[in-house]
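Each chain is listed here by its residues.
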Amino acid sequence: MIKLKSVSKSYRTGGEETEILKDVSLEIDKGKYVSITGPSGSGKSTLLHIIGGLEPINSGEVWVDGQPVHTMKDNALAKLRLKKIGYVFQQFQLLSTATALENVMMPLLTMFSSPQIKKDAEEALTRVGLAHRLNHLPSKLSGGEQQRVALARALVTKPEIILADEPTGNLDSETGKTIINLLEKIHDEDGVTVILITHDPELAQRAEESIHVLDGRVELKPYKVAIR
Ligand SMILES: Nc1ncnc2c1ncn2[C@@H]1O[C@H](COP(=O)(O)OP(=O)(O)OP(=O)(O)O)[C@@H](O)[C@H]1O
């Protein structure tokens, strides 16, 4: 379960404080598929970063799987992220000098011995349909393939939560759909909690619940039947 209790977040730039999230409370049950929508600049990424322990808050509480993210020190946060959370970003964020396989092995390097790392990374890449692209550099892959590598990298640690920040934003709509289909498959098969930021209302409605961010507040609305 992910729980935010009265969370406020502001940024200070040039001596000016801008409040992005105001007294936000919400709960996301384990295994849910949730979309986050809202206008540009409303604070969607900020909210995702707060949930993932990447961004400190000004006040309130953030709980992830019973752990108090708001009070945890950097080391403990890094462990929590590594063990429980997989990230997928709009810009893929792959290491350009490393092959697909090496990119996916990266999160595991601190966790296991090397034969196991390679096997797990190959498995993750096979799962996203890239068994034939293991040794390609990102520059030799299409945008959709790069995002699939990023998805494999997020999966490889067997996370409980996948946070996806507009993963289709840099892809054409058909390629974007293949990424969303994969995310949905992973959610359905592994029971992973998925939180997806999207500007596409059609994609947002495929989730079980949607969080709408507007003027610093959030509204959580259930979709009675996920449209798939
Ligand atoms: N590190 C930062 N320092 C100062 N202001 C920031 C910082 N990060 C984000 N902001 C501001 O906070 C607001 C919310 O940003 P955020 O990226 O969360 O919005 P978003 O809803 O994800 O936007 P988009 O849909 O355009 O990606 C924006 O006005 C942004 O300029």
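Given the structure is predicted, the values throughout are model-derived calculations rather than measurements.

1. A closer look at the overall build of the protein
Helix and strand content of the protein: seven helices and ten strands. For 228 residues, the compact-globule estimate of 2.2 N^0.38 gives 17 Å, and the C-alpha radius of gyration of the protein, at 17 Å, lies within 12% of that figure. C-alpha atoms of the protein, sized along the principal axes, occupy 45 × 40 × 35 Å. Looking at the 228 residues of the protein, the share that counts as buried comes to 41%. Long-range pairs, those at least 24 residues apart, make up 65% of the contacts in the protein between residues at least 6 apart in sequence.

2. Re the site of the ligand
For the ligand, the full set of nearby residues is Tyr11, Thr13, Ile20, Gly38, Ser40, Gly41, Ser42, Gly43, Lys44, Ser45 and Thr46. Of all the secondary structure elements, the ones that give two or more residues to the shell around the ligand are strand E1 (2-13) and helix H1 (44-51). Here the shell around the ligand is built from residues that sort into two nonpolar, eight polar and one charged.

3. Points about unusual backbone geometry
Even without a glycine there, the phi angle at aspartate 65 is positive, about 50°. Considering the arrangement of structural elements, one finds aspartate 65 in the loop between strand E4 (59-64) and strand E5 (67-68). Within the chain, glutamate 166 stands out as a residue other than glycine whose phi angle is a positive 45°. In this structure, glutamate 166 sits in the loop between strand E7 (161-165) and helix H6 (173-190).

4. Observations regarding the packing of helix H5 (residues 143-155) against H6
Viewed as axis vectors pointing N to C, H5 and H6 meet at an angle of 15°, and their least axial separation amounts to 9 Å. As summarised for this structure, H5 and H6 are arranged roughly parallel, according to the angle between their axes. As H5 runs across H6, the sense of the crossing is right-handed. Contact residues: Gly143, Gly144, Gln147, Arg148, Leu151 and Leu155 in H5; Thr175, Thr178, Ile179, Leu182 and Ile186 in H6. Looking at the contact of H5 with H6, its residues break down into five nonpolar, five polar and one charged.

5. Quick look at the confidence of the model for the protein
On average, residues of the protein score 92 in pLDDT, and 96% of them are at 70 or above. If you check the scores for this complex, the pTM reads 0.92 and the ipTM reads 0.97.

6. Some points on the pairing of strand E10 (residues 217-222)
Where strand E9 (residues 209-214) lies against E10, six bridges are found, and the strand directions are antiparallel. Directly across from isoleucine 211, in E10, lies its bridge partner leucine 220. Joining the antiparallel neighbours E9 and E10 is a turn of two residues, in which aspartate 215 adopts a positive phi near 50°.

7. A few points about the nonpolar core
Among the nonpolar cores identified, the biggest contains 61 residues, and Val104, Ala152 and Ile195 are the most heavily contacted of them. Here this core gets six residues from one element, more than from any other, and that element is H5. With sequence-adjacent residues up to four places away left out, valine 104 is seen in contact with Ala121, Ala124, Leu125, Val149, Ala152, Arg153 and Val156.

Scoring rules and cut-offs
Residues numbered from 1 in each chain as written. Predicted model: local features only at pLDDT ≥ 70, side-chain atom pairs only at ≥ 80, totals over all residues. Helix = DSSP H or I, 4+ residues; strand = E, 2+ residues; numbered from the N terminus. Rg over C-alpha atoms; globule rule 2.2 N^0.38 Å. Buried ≥ 20, exposed ≤ 12 C-beta atoms within 10 Å, placed from the backbone. Contact = placed C-beta atoms within 7 Å. Near = placed C-beta within 6 Å. Nonpolar A, V, L, I, M, F, W, Y, C, P; charged D, E, K, R; others polar. Axes fitted to C-alpha atoms, helices over the stretch in contact; angles between N-to-C directions. Parallel < 35°, antiparallel > 145°, perpendicular 65-115°, else oblique. Left-handed = near helix turned anticlockwise from the far one by under 90°. pLDDT = per-residue confidence, 0-100. Pairing = 2+ DSSP bridges. Core = buried A, V, L, I, M, F, W, Y, C linked by C-beta atoms within 7 Å.

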